[in-house]
Amino acid sequence: MHFENSDFSKTLNYKKVVLNFGVYYLLDDFFIMEVNDGEHFNWDKLNTLLDSLRDYYGNHKTLAYIANRVNSYSIDPVLWSYFDKDDSLNSSFYC
């Protein structure tokens, strides 16, 4: 189920951001990502996402990530090691 269609979404304040490879929702201490069907999440897409997250949250934010895998897509698993080492966002991953 897409986040916006859930009862949970109606209880929270969030900002929806649409990118060419997916949609994500920004909340106070976490974000939810829904990647488009058939996408391959690569280095360029990760950098686009990180830039957008920094613009919204600023630097040095402790942030959890929830992958709402409502679509079928692939991802380069090495990318998350770079995301985890990013100094501007302290991250936790939930899938």
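Residues numbered from 1 in each chain as written. Predicted model: local features only at pLDDT ≥ 70, side-chain atom pairs only at ≥ 80, totals over all residues. Heavy atoms only, no water.

Enquirer: Which residues make up the confidence of the model for the chain, and what are the values?
Expert: This prediction gives the chain a mean pLDDT of 86; 84% of its residues lie at or above 70. The secondary-structure element of the chain with the lowest mean pLDDT is strand β7 (residues 89-94), recorded at 50, while strand β2 (residues 22-26) shows the highest, at 97. (pLDDT = per-residue confidence, 0-100. Helix = DSSP H or I, 4+ residues; strand = E, 2+ residues; numbered from the N terminus.)

Enquirer: Report on the pattern of salt bridges, specifying residues and quantitative values.
Expert: For the structure shown, the criterion picks out 4 salt bridges. The residue Glu4 makes a salt bridge to Lys16 at a minimum N-O spacing of 3.0 Å. Placement of the pair is Glu4 in the segment before β1 (15-19) and Lys16 in strand β1, with a sequence separation of 12 residues. Note on Lys16: relative accessible area 41%, which makes it partly exposed. (Salt bridge = Lys/Arg side-chain N within 4 Å of Asp/Glu carboxyl O. Buried < 20%, exposed > 50% of the residue type's maximum accessible area, 1.4 Å probe, protein only.)

Enquirer: Which residues make up the nonpolar core, and what values do they have?
Expert: If you look at the biggest cluster of nonpolar residues, it comprises 19 residues, and the most contacted ones within it are Tyr24, Leu26, Phe31, Met33, Phe41, Leu49 and Leu53. Within the residue set of this core, elements represented by two or more residues are β1, β2, β3 (30-35), α1 (43-57) and β5 (61-67). Setting aside chain neighbours within four positions, we find Leu26 in contact with Asn13, Tyr14, Lys15, Val17, Phe31, Leu53, Tyr56 and Tyr57. By size, the runner-up hydrophobic cluster in this structure holds 5 residues, among which are Val23, Tyr25, Leu27 and Ile32. (Core = buried A, V, L, I, M, F, W, Y, C linked by side-chain atoms within 4.5 Å. Contact = heavy atoms within 4.5 Å.)

Enquirer: For the pairing of β2, give the residues involved together with the corresponding values.
Expert: Within β2, 5 of the 5 residues are buried, which leaves the element mostly enclosed by the surrounding structure. By the alternation rule, side chains of β2 split into Gly22, Tyr24 and Leu26 and Val23 and Tyr25, which are all buried. Both β1 and β2 contribute to a ladder of 5 bridges, which runs antiparallel. Considered in β2, the bridge of Lys16 is made with Tyr25. The loop that links β1 with its antiparallel partner β2 comprises 2 residues. Connecting β2 to the antiparallel partner β3 that follows it, the hairpin turn spans 3 residues. (Pairing = 2+ DSSP bridges.)

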